[in-house]
Number of protein chains: 2
Amino acid sequence: MGARQLHLNLFIHDTGHHEASWRLPSSDPHANLSLEAHQHLARVAEAAKFDSLFLADSPAMFGDPGRRPAGRIEPTVLLSALAVSTRRIGLIATASTSYNEPFNLARRLASVDHLSGGRAGWNIVTTAGDGAARNFGLEGQPLHKTRYERADEFVDVATKLWDSWADDAIVADKDAGVHAVRDRVRAISHSGTHFSVDGPLNLPRSPQGHPLLVQAGSSEDGKEFAARWAEAIFTAQPTLAETQTFYADIKRRVVAAGRNPDHVLVLPGIVPVLGETEAEARELEAELDRLIAPEYALAQLTQLLRVSSDRLSLDEELPAELPSEDSIEGAKSRYTLIVDWARRDRLTVRELIGKLGGGRGHRTVAGTPVQIADTIQHYFENGAADGFNIMPAVLPSGLDAFARSVVPILQERGLFRTEYSGVTLRDHYGLPRPGDRPDLGVEGVAS
Amino acid sequence: MGARQLHLNLFIHDTGHHEASWRLPSSDPHANLSLEAHQHLARVAEAAKFDSLFLADSPAMFGDPGRRPAGRIEPTVLLSALAVSTRRIGLIATASTSYNEPFNLARRLASVDHLSGGRAGWNIVTTAGDGAARNFGLEGQPLHKTRYERADEFVDVATKLWDSWADDAIVADKDAGVHAVRDRVRAISHSGTHFSVDGPLNLPRSPQGHPLLVQAGSSEDGKEFAARWAEAIFTAQPTLAETQTFYADIKRRVVAAGRNPDHVLVLPGIVPVLGETEAEARELEAELDRLIAPEYALAQLTQLLRVSSDRLSLDEELPAELPSEDSIEGAKSRYTLIVDWARRDRLTVRELIGKLGGGRGHRTVAGTPVQIADTIQHYFENGAADGFNIMPAVLPSGLDAFARSVVPILQERGLFRTEYSGVTLRDHYGLPRPGDRPDLGVEGVAS
């Protein structure tokens, strides 16, 4: 089957991406902390031949614990448990470059890659928000630009650490008493603006060489960072036209950075809300929106838009005067996306809350399995996507339905695998394994 | 069975604690990176009803990669995989207070406690050595005293974060749309010398309240730290008399710190080398010692003792003049232990190397199952131990033999459980679950 194939990633989020999903009668409101709930999702996605699953994260409270499940198992720890519970599916952890040290994080990600037989990925985030900063001795978040500069050096250090053992370093010669060839285990002697790290890593090179590098920021800094480092990109785009523009822009930047555009996959987020009929799907969507508490959502929107609550009125459009993106130090591109969307579709604040609660800026598609498969195919064949980040509004039911009803249609159309052809996450995504770096730290030999 | 029962912890170390164990024909020289090898050890220890298993760690290369397996899967990641592979045994990870941030580490340990249903423990270390320091932007290790001051504040912050959600915070009231009661999720607002951490943790209180706190330092600072915080103590003592002295000293310090001495378990390390006859056991020990490369061991000893290599001679005793413990900024108590041991037993450098290679200062007992059971019982009944940290010289065979031949003797003598009576690691160790702290951060409500 030589035809271009699409890639599917499952974005796991508690009881679903719709923020009121936990309130449905069928939902387990403790799913966010449940190993069994996560194992079920991982196994269903693997049976459906998904490329990977993915966990978002921030080292701070996510949302208001009074209103929705706010606790999160740390992703590298959770993915290790899921590695034991699955055999093929890729496992992508979000981790922050602003609130970790490169040695520790590079090691944990390589550890997951070893334990999973080459199925680890890292969604690289710089972590917006003062809440996280105040858990790490800072008064508030570092500037957006500073965060990206640190991220750049962080990934540079991490990849050097992953390459600090040559692929053929270990010989395990019992007779000679030689376990590794010493000059194949190399100090990295990194000394930079943010980090000084001697190395080598205390872990041999992992099955994939480097865990897969994923990125999701869409600001100017974020897109330039992605062009340099990312191998897969998750993105929130509300329309086909905007997704096509983003796709073309990213591929152009990747080429400009001297990289092969086929080695950077763009996976827009999509929130499928499935029904046997379109009417049934729309009724589920409406039921979820009714469960959003408006005063809570209003408070969230106030925070996102940096406006005081008395300037927002539920049944009116957004005020004409809002801060410019330049003044936003948080999730810049998300801010602009939401404001543009509200203005273009002339949404009232109440309508905007419904859209955000459903997919937080990602495209929600309520419909039948054929309608959703059609949307996916249309994007895939019209320069908008190499695959999709599947974000079911309700879990596990939305994944179960997608796996049962949408995946077979994509397979019948020859767009999606019916069996894994490789072993590692890089195999699934069709991405090369990074080569060894024999030039690394030639002056340094491990002590 | 009301009689006092002993506790057994399995200290996992690659192919065994004898540093030449990887060179035995039966050893898997890649066991250090093998999920399956660790799963086997965990399952054998659980079938033998061990209280717990334990992984040592440092964020730097451990030993010379040329001479022995030097890579280590990061412990919280590995224990998460083992949590899925077992049901009852406790899981203790070593992690450094000098090279982690409290928010991240408290969260990962609580994550393992959630995923394992209350089986997580934390061996708190301050991490000696310049190698680790130079992986984290420092020129060399912080002073011993500074490391312990940071450790003290670190554990204070971690326990506050673990208590930042009340046990009854989550109500998950779907009708009312209330997931947690907001004033039961509390900022910790910690502002200290080493850390400023707002909190709350982004994870509800874990099954054990706090993961079990373990400690292994035996310097003055280390023992004072243990008296304040530790619930189980691993210790290296070469003779019964020294172990008794240590045991009495620790219990006295615990009482002086206002704590219940029964809530702090002392577990000396023991390296069993088993044979069907004593002669067979001694032959295995001798075979292992012959596999130690002396020039390598000499280099290690040189580093440990801070003397130049031309001052050590393989067939002579240690030089009379050596640095004092006060001048050692590394593992102080280990240094003194080794020097005293060599002097007392008038060991040549070659003999000392054999002892160190076998158990790194821990007591090696080569003998039959009955002899080893006798030693354990004698310590346990003579004020030297509440249990043992079992460090097989060779893995998995040494554990398999211990589980098959020594554990049944201990069970027959009524000294060790024949079935788990509880669920959590605290249950196994007979230690209380820390209570909630309703006074915590009363001024702070989660945002």
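Residues numbered from 1 in each chain as written. Chains lettered and ligands numbered in written order. Predicted model: local features only at pLDDT ≥ 70, side-chain atom pairs only at ≥ 80, totals over all residues. Heavy atoms only, no water.

Chain A goes by FMN-dependent oxidoreductase (Nitrilotriacetate monooxygenase family) in an unreviewed UniProt entry, where it is assigned to Nocardioides albertanoniae. Reading the Sequence similarities (unreviewed entry) entry of the UniProt record for chain A gives the comment "Belongs to the NtaA/SnaA/DszA monooxygenase family." (UniProt positions renumbered as here; feature names shortened; annotations may be inferred.)

Taken together, a rotation about one axis and a shift along it account for how the two chain copies relate. Mapping chain A onto chain B leaves a residual RMSD of 0.0 Å; the transformation is a rotation of 180° accompanied by 0.0 Å of translation along its axis. Expressed as a symmetry operation, the mapping of one chain copy onto the other fits a two-fold axis. When the interface residues of chain A are mapped onto chain B, 100% of them again fall at the interface, so both copies present the same face. (Least-squares fit on C-alpha atoms with pLDDT ≥ 70 in both. Contact = heavy atoms within 4.5 Å.)

Our next topic: the environment of G258 of chain B. If you trace the backbone, G258 of chain B turns up in the loop between α7 (240-256) and β11 (265-274). Taking C-alpha positions, G258 of chain B is 8.5 Å from R228 of chain B, a pair spaced 30 residues apart along the chain. (Helix = DSSP H or I, 4+ residues; strand = E, 2+ residues; numbered from the N terminus.)

Before going further, it helps to spend a moment on the environment of I338 of chain B. All names here are of chain B. Turning to its location among the elements, I338 is positioned in helix α10 (residues 332-344). Using a relative accessible area of 2% as the deciding quantity, one classes I338 as buried. Placed 105 residues apart in sequence, I338 and I233 show a C-alpha to C-alpha distance of 19 Å. When residues no more than four places from it in sequence are discounted, the contact partners of I338 are L304, L352 and L356. (Buried < 20%, exposed > 50% of the residue type's maximum accessible area, 1.4 Å probe, protein only.)

Residue and element names in this part refer to chain A. UniProt records the feature "binding site: FMN" (unreviewed entry) for D57, T94, H144, Y148, S218 and S219 in the present numbering. As for its placement among the helices and strands, T94 is situated in strand β3 (residues 90-96). Residues within four places of T94 in sequence aside, it is in contact with F54, L55, A56, D57, P75, N123 and V125. There is a polar contact of 2.7 Å between the side chain of T94 and the backbone oxygen of L55. Within the fold, H144 resides in helix α5 (residues 144-162). (Polar contact = N/O pair within 3.5 Å; in protein donor to acceptor, adjacent residues only side chain to side chain.)

Before going further, it helps to spend a moment on the packing of helix α12 (residues 369-380) of chain A against helix α13 (residues 397-412) of chain A. Residues and elements named next belong to chain A. At a minimum axis distance of 9 Å, the contact between α12 and α13 shows a crossing angle of 50°. Accordingly, the angle class assigned to the pair α12 and α13 is oblique. The chirality of how α12 crosses α13 is right-handed. The residues of α13 that touch α12, namely those facing P369, V370, I372, A373 and I376, are F402, S405, V406, I409 and L410. Split into classes, the residues belonging to the contact of α12 with α13 amount to nine nonpolar, one polar and no charged. (Axes fitted to C-alpha atoms, helices over the stretch in contact; angles between N-to-C directions. Parallel < 35°, antiparallel > 145°, perpendicular 65-115°, else oblique. Left-handed = near helix turned anticlockwise from the far one by under 90°. Nonpolar A, V, L, I, M, F, W, Y, C, P; charged D, E, K, R; others polar.)

This part covers the packing of aromatic side chains. In the structure shown here, the tally under the stated rule is 20 aromatic pairs over all chains. Between Y379 of chain A and F388 of chain A the ring centres are 5.7 Å apart and the planes differ by 65°, which places this aromatic pair in the edge-to-face class. Ring centres of Y148 of chain B and F225 of chain B lie 5.8 Å apart, and the angle between their planes is 65°; this geometry places the pair in the edge-to-face category. Of the two residues, Y148 of chain B is situated in helix α5 (residues 144-162) and F225 of chain B in helix α6 (residues 220-229); the sequence distance between them amounts to 77 residues. Exposure remark for Y148 of chain B: the relative accessible area of 12% places this residue in the buried category. (Phe/Tyr/Trp six-rings, centres within 6.5 Å; stacked < 30°, edge-to-face > 60°.)

In this fold, S85 of chain A is placed in helix α2 (residues 75-85). Here S85 of chain A falls in the buried class, since its relative accessible area comes to 10%. A polar side-chain atom of S85 of chain A sits 2.9 Å from a polar atom in the side chain of Q39 of chain A. Those residues in contact with S85 of chain A that sit more than four places away from it in its chain are Q39 and R43 of chain A together with V84 of chain B.

Once that is clear, we can look at the pairing of β3 of chain A. Residues and elements named next belong to chain A. Among the seven residues in β3, seven count as buried, and that is most of the element. Side chains of β3 alternate between two faces, with G90, I92, T94 and S96 and L91, A93 and A95 buried alike. Across four bridges, strand β2 (residues 52-55) lies against β3 in parallel orientation. Note that in β3 the partner of L55 across the bridge is A93. (Pairing = 2+ DSSP bridges.)

Residues and elements named next belong to chain A. The sheet contact formed by strand β5 (residues 170-173) and strand β6 (residues 178-180) spans two bridges and is antiparallel. Considered in β6, the bridge of D173 is made with V178. Taken together, β5 and the strand that follows it, β6, pair antiparallel across an intervening segment of four residues, in which G177 is found at a positive phi of about 70°.

Contacts between chain A and chain B engage 75 residues on the former and 75 residues on the latter. A salt bridge links D64 of chain B to R182 of chain A, with the shortest nitrogen-to-oxygen separation between them at 3.5 Å. Along the contact surface separating chain A from chain B lie 39 residue pairs in polar contact (both at pLDDT 80 or more). Those elements giving two or more residues to the side of chain A that touches chain B turn out to be α1 (35-47), α2, α3 (102-115), β5, β6 and β8 (196-197) of chain A. For the side of chain A that touches chain B, the class distribution of residues is 36 nonpolar, 23 polar and 16 charged. (Salt bridge = Lys/Arg side-chain N within 4 Å of Asp/Glu carboxyl O.)

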